[in-house]
Amino acid sequence: MSATIEAQGLGIRFLFDRERRVITPILGKLRRRGSEAWGLHELNVEIRGGEGIALIGRSGSGKTTLLRAIAGVLVPDVGSVTVHGRVGSLLSVDAGVMSVLTGRENALLRAVLVGLPRAEARAALEEIRERTGLGAYFDRPVSSYSLGMRARLGFVVAERADPEILLLDEVHEALDHDFRRIVAECAHTILQSGGIVVAAGHDHEMLKRFCARALWLDRGSVRADGPFDEVRSAYLEAA
């Protein structure tokens, strides 16, 4: 496994209309634009295989935007982000989840979307059910799930895709103690295989379990990059 992530001069811009709603560049040409904001600005970072990276910073500092750029959800407006390796991501508890479907139906849908052949996805459903620990709820509508149950379902499906790069955006913080251990074990397995884990959140003790390095993001730029404890201390002292 030779996973790598490299961002060079990365910039992500958000456009807003006069009602302060986010709009695409195409809509920006059709509607009267109100304002713009840079979610990321001239961001440079290089991540190599075997590294667990914690993204820390205040809400709105650019953590989620960076994860979405790495995942390919957002396209750079300036600069570039280059990713080598199969990506598994859980960027939102509700990402790709249809509440009217059961956990089983959602697991099948998401497994196919992350690249598993349909036959393989179907064959994996019972294993996914066991791994989530949802029991009978696996065959009930997701609308009846708590946030933690949704996070369990999403994480297990992402894990099933055998990612070389795992992206987590605060969703692990919705999990109970036992399942947090499972997330940490999965992260360590990926790291030991030469993969990458990038996780954002405010639960620093949880992040420290599988991240030796931290990036402190502030207003869309990297304010500090280094050993986890050093960067966290600097961030907390400045908060």
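A few points on the structure. Keep in mind the model is a prediction, meaning the values are calculated, not measured.

Brief notes about helix H7 (residues 177–192)
Link 1 in the chain: With 16 residues, H7 should cover 22 Å at 1.5 Å per step; its first-to-last C-alpha distance of 23 Å lies within 8% of that length.
Link 2 in the chain: Taken together, the buried positions of H7 are Phe 179, Arg 180, Ile 182, Val 183, Ala 184, Cys 186, Ala 187, Ile 190 and Leu 191.
Link 3 in the chain: Against strand S4 (52–56), helix H5 (125–132), helix H6 (147–160), strand S7 (165–169), strand S8 (196–200) and helix H8 (204–208) lie the buried residues of H7.
Link 4 in the chain: With its phi angle positive at about 90 degrees, Gly 194 sits one or two positions after the end of H7.

Topic: the nonpolar core
One broad rule of soluble globular proteins: the nonpolar side chains tend to lie buried together.
Link 1 in the chain: With 45 residues, the main nonpolar core has Phe 155, Leu 168 and Phe 210 as its most contacted residues.
Link 2 in the chain: Element by element, the count of residues in this core is highest for H7, at 8 residues.
Link 3 in the chain: With sequence-adjacent residues up to four places away left out, Phe 210 is seen in contact with Gly 52, Leu 168, Ala 184, Ala 187, His 188, Leu 191, Val 197 and Ala 199.
Link 4 in the chain: The next biggest cluster of nonpolar side chains, apart from the first, holds 24 residues, and it includes Leu 40, Ile 70, Val 81 and Leu 167.

Quick notes on the packing of aromatic side chains
Link 1 in the chain: Applying the stated criterion to the full structure yields 3 aromatic pairs.
Link 2 in the chain: Judged by centre distance (6.4 Å) and plane angle (75 degrees), the rings of Tyr 137 and Tyr 145 are edge-to-face.
Link 3 in the chain: For the ring pair Trp 216 and Tyr 235, a centre distance of 5.6 Å and an interplane angle of 70 degrees mean the geometry is edge-to-face. Placement of the pair is Trp 216 in strand S9 (residues 213–218) and Tyr 235 in helix H9 (residues 228–238), with a sequence separation of 19 residues.
Link 4 in the chain: Looking at Trp 216, the relative accessible area reads 7%, which means it is buried.
Link 5 in the chain: Against the face of Tyr 137 rests Arg 140, its NZ or CZ located 4.5 Å from the ring centre.

Overview of the sheet that holds S9
Link 1 in the chain: A sheet is described by the order of its strands in space; here 6 strands give the open sequence S6-S7-S8-S4-S9-S10, paired in mixed fashion. The two strands at the open ends of the sheet, each matched to only one other strand, are strand S6 (87–90) and strand S10 (221–227). The average undirected angle you get between the axes of adjacent strands in this sheet is 15 degrees.
Link 2 in the chain: Pairing of S7 with S8 involves 5 bridges; the strand directions are parallel. Each bridged residue has a counterpart across the sheet, and for Leu 168 the counterpart in S8 is Ala 199.
Link 3 in the chain: Packed on one face of the sheet, H6 meets S6 and S7 and runs near 180 degrees to S6.
Link 4 in the chain: H9 contacts S4, S9 and S10 of the sheet and is inclined by roughly 135 degrees relative to S10.

Here we look at the pattern of salt bridges
Link 1 in the chain: Tallied over the entire structure, the rule returns 17 salt bridges.
Link 2 in the chain: Close ionic contact of Glu 127 with Arg 160 constitutes a salt bridge, the shortest N to O distance being 2.7 Å. A residue pair is termed long-range when its members are at least 10 positions apart, and Glu 127 in helix H5 and Arg 160 in helix H6 qualify at 33 residues.
Link 3 in the chain: Between Glu 205 and Arg 232 there is a salt bridge whose closest N-O contact spans 2.7 Å. Residue Glu 205 is found in helix H8, and its partner Arg 232 is found in helix H9; the two are separated by 27 residues along the sequence.
Link 4 in the chain: Given a relative accessible area of 14%, Arg 232 falls into the buried group.
Link 5 in the chain: A single network of salt bridges, built from pairs that share partners, joins Arg 104, Glu 126, Arg 129, Glu 130 and Asp 139.

Conventions used here
- Residues numbered from 1 in each chain as written.
- Predicted model: local features only at pLDDT ≥ 70, side-chain atom pairs only at ≥ 80, totals over all residues.
- Heavy atoms only, no water.
- Helix = DSSP H or I, 4+ residues; strand = E, 2+ residues; numbered from the N terminus.
- Expected span 1.5 Å × (residues − 1).
- Buried < 20%, exposed > 50% of the residue type's maximum accessible area, 1.4 Å probe, protein only.
- Contact = heavy atoms within 4.5 Å.
- Core = buried A, V, L, I, M, F, W, Y, C linked by side-chain atoms within 4.5 Å.
- Phe/Tyr/Trp six-rings, centres within 6.5 Å; stacked < 30°, edge-to-face > 60°.
- Lys NZ or Arg CZ within 6 Å of the ring centre and 35° of its normal.
- Pairing = 2+ DSSP bridges.
- Axes fitted to C-alpha atoms, helices over the stretch in contact; angles between N-to-C directions.
- Salt bridge = Lys/Arg side-chain N within 4 Å of Asp/Glu carboxyl O.

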